[in-house]
Number of protein chains: 2
Amino acid sequence: MTIPAIGISLGDPGGIGPEVVLKALATPSLLPETRFVVFGDRRVWDAERAALGLSLETRPHEGESAPSAPGFYFHDIGAASGAAVRGAASGENGKSSFLAFKKAVELAGKGALDALVTAPISKTSWHLAGLPWRGHTEYLDSLYPGAIMTFWSERLKVALLSHHIPLKEALGRVRKDVLLDFFRALHRSLAAIRSGVDELLVAGLNPHAGEDGLLGAEETAEIGPAIEEAVRQGIPVSGPYPPDTVFLKALDRPAKMVVAMSHDQGLIGFKLVAFATGVNTTLGMPFVRTSPDHGTAFDIAGKGVADPRSMLEALRLAIRLSASS
Amino acid sequence: MTIPAIGISLGDPGGIGPEVVLKALATPSLLPETRFVVFGDRRVWDAERAALGLSLETRPHEGESAPSAPGFYFHDIGAASGAAVRGAASGENGKSSFLAFKKAVELAGKGALDALVTAPISKTSWHLAGLPWRGHTEYLDSLYPGAIMTFWSERLKVALLSHHIPLKEALGRVRKDVLLDFFRALHRSLAAIRSGVDELLVAGLNPHAGEDGLLGAEETAEIGPAIEEAVRQGIPVSGPYPPDTVFLKALDRPAKMVVAMSHDQGLIGFKLVAFATGVNTTLGMPFVRTSPDHGTAFDIAGKGVADPRSMLEALRLAIRLSASS
């Protein structure tokens, strides 16, 4: 087994990203045999270290290949022209968080990193910086159109057929061909990272999963046939199950993953079960990307009170999924 | 305070309805100062009592008015022509459970009963009996078109803007006029039963509640304006909130109720939080109707192992909401 190389982008300098990354890396229980490369603005990192009183040392990292020895490395993307603004969105912060993320994605895409962990960016900062992408997911989508958004926690795993589009458009994606492609790509990704998932439980779209067509046609016309065809092709997938009970079927069964037909069908259930410990995991790319289940939290930035648990979970999952690949 | 008169319909004789009603009524912690009237087939009731070895005695009830003294009463709707079938749907069972329910609704509609608690019926049995309604809710809808489906538990309360219709049709109901009428009717009902709910938290329809129109138009065009108008009219309502976090905002805050835009938007969250203890509560009628959060459970019928907790919660809530009216 090779030692995993994990890239970490610091997120918005005005938010809690730098703080939770530092706190998480300083946690002794984190696997030591890892090559961690943090991407960000060195001044922000040093200021945060001083503020938190954490002595975590990093070696400088440059170039396009990963360091060969385990340990902590810092890849300085250079300071933005102005000073970092704390607790609020700003164009300078947006530029800084984007450059760090972009560099890390570049190295991961080249195979230098096994996985990427992203601290939260601010959509407003990106917008103020004039960036055309709304966030991490949209940028990754533009590079890897088949990227799949999944959510992982101890108790529940969920994959989303669609994410940041209006619900009416999401309904338009509930088609046999789209679903079959999705099942195939998801299954392939899960197998590649040896996820341990052995069954995809597919949610229906309508109340009671359509009740034999009485409460909606998508289950009998699209979802059901896509499942049948996938099973014929050897993909372990079942359903469609009533949307309001499929999560209970998967709860506390680590080898099951729910396939949700829309962003909120999946995330209402997931956030209730796994708030503060959930990990957002992007599959269907040449590398795995994980991120904590929270935002920049500008209101508590710089106060030293941010909870690093979700970042820690994101790091652990990235390591686990890299180690097994 | 008058002594509440609570009607209870036995549900499908082939399911666990009679068992959970008997077990719940035999629970000593249930408020004693209540007039309970059970509606069903006397032979089914006696057979279930004998099978469970419970000695609960009931006095016979007839006619159109409630008994005046507290205690347990049985309103015999007469035996169906054949013997009750156990553990499976049948037309005779459907007829029996419908007649019991219909009689109880009739008396409640006349004001003789303060609330109605319904044990589960089988949709298949109703269908085999040639009934045109798919279940309790559809029958009540036909009598009281403004009936509102809500779900209550210790930790979470949810109201559904629409219920047993395809999701595409449900989206068509997300209109300012429909929403405003709904907020008004729900607020009026909650006030009438002194529910203690002091704020309605309204879910958006799209990811991130549409993110200022970027991810969907319904929040800015319909839901937002309906909320503003409702607030102007003195109704305590707020939102629209992102669908995947509105449940966390209401969790463990008994004075908050989530308004969900569709059946599963509401029930995915509710069932994860309150499985086996949730109570389905119909408002917007001249009387309150509650029912347990489970079905006939034909697979365990007649085995004496059915869990009466949800029925007990349904009875307790019916009593509480009646006592305060």
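No experiment lies behind these values; they were computed from the predicted model shown. (Residues numbered from 1 in each chain as written. Chains lettered and ligands numbered in written order. Predicted model: local features only at pLDDT ≥ 70, side-chain atom pairs only at ≥ 80, totals over all residues. Heavy atoms only, no water.)

Enquirer: What exactly am I supposed to notice about the sheet that holds strand E8 (residues 199-203) of chain B here?
Expert: Backbone-to-backbone hydrogen bonds join strands into a sheet, with any given pair of strands oriented parallel or antiparallel. All names here are of chain B. The strand order across the open sheet formed by twelve strands is E3-E4-E2-E1-E5-E12-E11-E6-E7-E10-E8-E9, and the pairing between neighbours is mixed. Two strands bound the open sheet, and with one partner strand each, they are strand E3 (59-60) and strand E9 (237-241). With two bridges joining them, E3 and strand E4 (residues 71-76) adopt parallel strand pairing. Counterpart to Pro60 in the pairing with E4 is Phe74. Sitting on the sheet, helix H3 (residues 91-109) is in contact with strand E1 (5-9), strand E2 (35-40), E4 and strand E5 (115-118), with an inclination near 145° to E2. Seen against the sheet, helix H5 (residues 136-143) touches E5, strand E6 (148-152), strand E11 (279-283) and strand E12 (288-292) and runs at an angle of roughly 170° to E12. (Pairing = 2+ DSSP bridges. Helix = DSSP H or I, 4+ residues; strand = E, 2+ residues; numbered from the N terminus. Contact = heavy atoms within 4.5 Å. Axes fitted to C-alpha atoms, helices over the stretch in contact; angles between N-to-C directions.)

Enquirer: Explain helix H1 (residues 17-25) of chain A here, please?
Expert: For an α-helix, 3.6 residues make a turn, and residues three or four places apart therefore share a direction. Across the nine residues that make up H1(A), a large majority, nine, are buried. Within the sequence span of H1(A), burial applies to A:Gly17, A:Pro18, A:Glu19, A:Val20, A:Val21, A:Leu22, A:Lys23, A:Ala24 and A:Leu25. (Buried < 20%, exposed > 50% of the residue type's maximum accessible area, 1.4 Å probe, protein only.)

Enquirer: Help me understand the relation of the copies chain B and chain A, please; the structure alone is not making it clear to me.
Expert: Each of the two chain copies can be generated from the other by rotation about an axis followed by a shift along it. With an axial shift of 0.0 Å and an RMSD of 0.0 Å, the rotation relating chain B to chain A amounts to 180°. The transformation just described matches what one would write down for a two-fold rotation axis. Among all residues of chain B, the minimum C-alpha distance to the rotation axis is found for B:Gly269, at 2.8 Å. Comparing contact sets, 100% of the residues at the interface of chain B also lie at the interface in chain A, consistent with an isologous, same-surface contact. (Least-squares fit on C-alpha atoms with pLDDT ≥ 70 in both.)

Enquirer: Just checking my understanding: could you explain the interface of chain B and chain A for this structure?
Expert: Counting residues at the interface gives 34 residues for chain B and 34 residues for chain A. Taken over both partners, the interface formed by chain B and chain A buries close to 3,000 Å², and the fraction arising from carbon and sulfur atoms is 70%. Considering only the side of chain B, the residues that lose the most area to chain A are B:Asp244, B:Ile268 and B:Leu272, jointly responsible for 22% of the buried surface there. At the junction of chain B with chain A, the criterion picks out eight salt bridges. A salt bridge links B:Glu218 to A:Lys168, with the nearest nitrogen and oxygen atoms 3.4 Å apart. (Buried area = accessible area lost by both parts, 1.4 Å probe. Salt bridge = Lys/Arg side-chain N within 4 Å of Asp/Glu carboxyl O.)

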